[in-house]
Amino acid sequence: MIFFDNLDFPFWLFLVICCTALIYKYATQPGEIWSSLGVPSPPSAPFIGHMHRIYDPDTGFRGSIHKWTKQYGKIFGILFFRHPMLVITDIEAVKKVLVKDFANFSSRYGGADGLYQSIIQKSILLNGGDHWKRVRHILSPGFANGKLKHLTGHINRNVSILIEALHKHVKHGSHPEAKVVFSAFSLDVLAGAAFGLELNSQNNINGSFYQHAKSLVTFKKSLQLVIATLGAFPFLAGVFKKFDIGFFDSRDIRYFEDTFYRLISERRKANGYKSSDSDHLNLLINGEYDSLEKSIESKNMTTDEIVAQCIIFVIAGYETTSATLQWLTFELSKHKDIQIRLRKEIDGVIPDTECDVTYEHCQKLKFMEAVIFEALRMYPPVVTLSRMSKHATTLKGFSVPANTAIVIPVYNICRDPELFEDPNTFNPERFMSNQNSSLSSLLKTLPFGFGPRQCLGFSLAILQVKIALVHILRNFSIDGATPEQVDMDDFTALLIPKQPIHLILSHVKRKDDE
């Protein structure tokens, strides 16, 4: 104190300067990592990194990635608040991350510390390493071809309810909201296939299961504050956890926790510890992995793990399928010629208009498959994939430290003119040729991931969309959609229309009706 008194320099001002310097260092230090590694990177802001650009309503994630790719190339660094993330749109680098060097990139990036509720952290979505491997092997049999064949009857029954609802809209001259009708249909299929539940959401959208599922994937703008706070100040994760604040609405998480704990208990009481039901929940309850590594102690999933997988089924299982149907019918509303060609293919493969659509039928609908892949290319349900590097490595000559997040912007890759000619044009023909090349295989399925961590439900989703589309086109012409041009929101990495899409339908005139 004497020193400061002699210099006539207030001690409090010295403290303010020191604290300011420390805060500035804390806020800007992460931004130095990319320059030290020689990786190109846009200028970042203190505390928030590049999130002010990604959250910008005028550009968003897709727009920012497009701009930065033009400026900095196909590999560049950004900051998710304080966490370094390497963005890659170079296809060879993408293949290395997803397939060739999978052992080093087997885990997904889980976001800011404490962002997800504890039950979600036990799910296959956020698991890595041995835990992910164990859960994946337990879940995989539920998506085998034999299981898919068994589910076609269940899907057809739910499609018939969808068609009946659409008939009512046409009869009354109303235009159904695509999101509402397709999400209720998708959830009914999911609930029956995964949990043995008959929800009938299509006739009762006020049901608790449907409303909480809808809320679970409807993100409020307040979520930005949650993400921003944890991203900039990760040491607050404990506080958020204490007050049950996270990425998803905790009321919805609690509802599904209660629902699935109760279902599991009822199954075990009825059948003993082993369940005899044939749905996915049965696989989880009975789930064992016979070739477990020594480092994994249990051959069974814990009850918490089972509940976590069930919640992820709800989050990922119905939203992606309903979104695909929404965007697909939106594009078909602009392309009557494609609708006509699809009906001709359907008539050739399934001449009996009264019979159900089988798994074998779906395998023969090649043009329809191309149409679906094109819709997924233009409107991937999830606009980005992420991975984490376990060890330090290199990608296309750039150093990647351990524990670095890798971002693969699916939407931007799928709209890259270097990969797809005239990428903003809906053209299914691009998927009718060169289907055996490894490059086209990656680009075909990238919206559902690629490599060992590709979405388990990919084949089920395509099957469900095919069966629904067969029945829709047998009965209806999609004459238009409102609005004709749709703005898209991607703030949660899901591709969501900012305005509801309403379909304009009319009954198809068949030769038998003439």
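This section reports on the structure supplied with the text. (Residues numbered from 1 in each chain as written. Predicted model: local features only at pLDDT ≥ 70, side-chain atom pairs only at ≥ 80, totals over all residues. Heavy atoms only, no water.)

1. Re the packing of aromatic side chains
- Under the counting rule described, the total for this entry stands at 19 aromatic pairs.
- A ring pair is formed by Trp-68 and Phe-76, whose centres lie 6.3 Å apart and whose planes are at 75 degrees; its orientation type is edge-to-face.
- Given a relative accessible area of 5%, Trp-68 falls into the buried group.
- Residues Phe-102 and Trp-132 carry aromatic rings whose centres are separated by 5.5 Å and whose planes lie at 55 degrees to one another, so their mutual orientation is tilted. (Phe/Tyr/Trp six-rings, centres within 6.5 Å; stacked < 30°, edge-to-face > 60°. Buried < 20%, exposed > 50% of the residue type's maximum accessible area, 1.4 Å probe, protein only.)

2. Remarks on the nonpolar core
- Counting 157 residues, the largest nonpolar core has Ile-88, Ile-120, Phe-195, Phe-260 and Ile-311 as its most contacted members.
- If you tally residues by element for this core, the top one is helix 15 (residues 303-332), at 15 residues. (Core = buried A, V, L, I, M, F, W, Y, C linked by side-chain atoms within 4.5 Å. Helix = DSSP H or I, 4+ residues; strand = E, 2+ residues; numbered from the N terminus.)

3. Some points on the sheet that holds strand 1 (residues 75-80)
- Taken in spatial order, the 4 strands line up as 1-2-6-3 in an open sheet, and their pairing is mixed. Of all strands in the sheet, those bounded by a partner on one side alone are strand 1 and strand 3 (385-388). Put simply, the sheet's adjacent strands are angled 30 degrees from each other on average, direction ignored.
- Strand direction decides the pairing type here: strand 3 and strand 6 (residues 405-408), joined by 4 bridges, are antiparallel. (Pairing = 2+ DSSP bridges. Axes fitted to C-alpha atoms, helices over the stretch in contact; angles between N-to-C directions.)

4. Things to note about the environment of Thr-353
- Following the sequence through the fold, Thr-353 ends up in the loop between helix 16 (336-349) and helix 17 (359-364).
- Among the residues examined, Thr-353 registers a relative accessible area of 32% and is labelled partly exposed.
- Expressed as a C-alpha distance, the spacing of Thr-353 and Val-470, which sit 117 residues apart in the sequence, is 9.8 Å.

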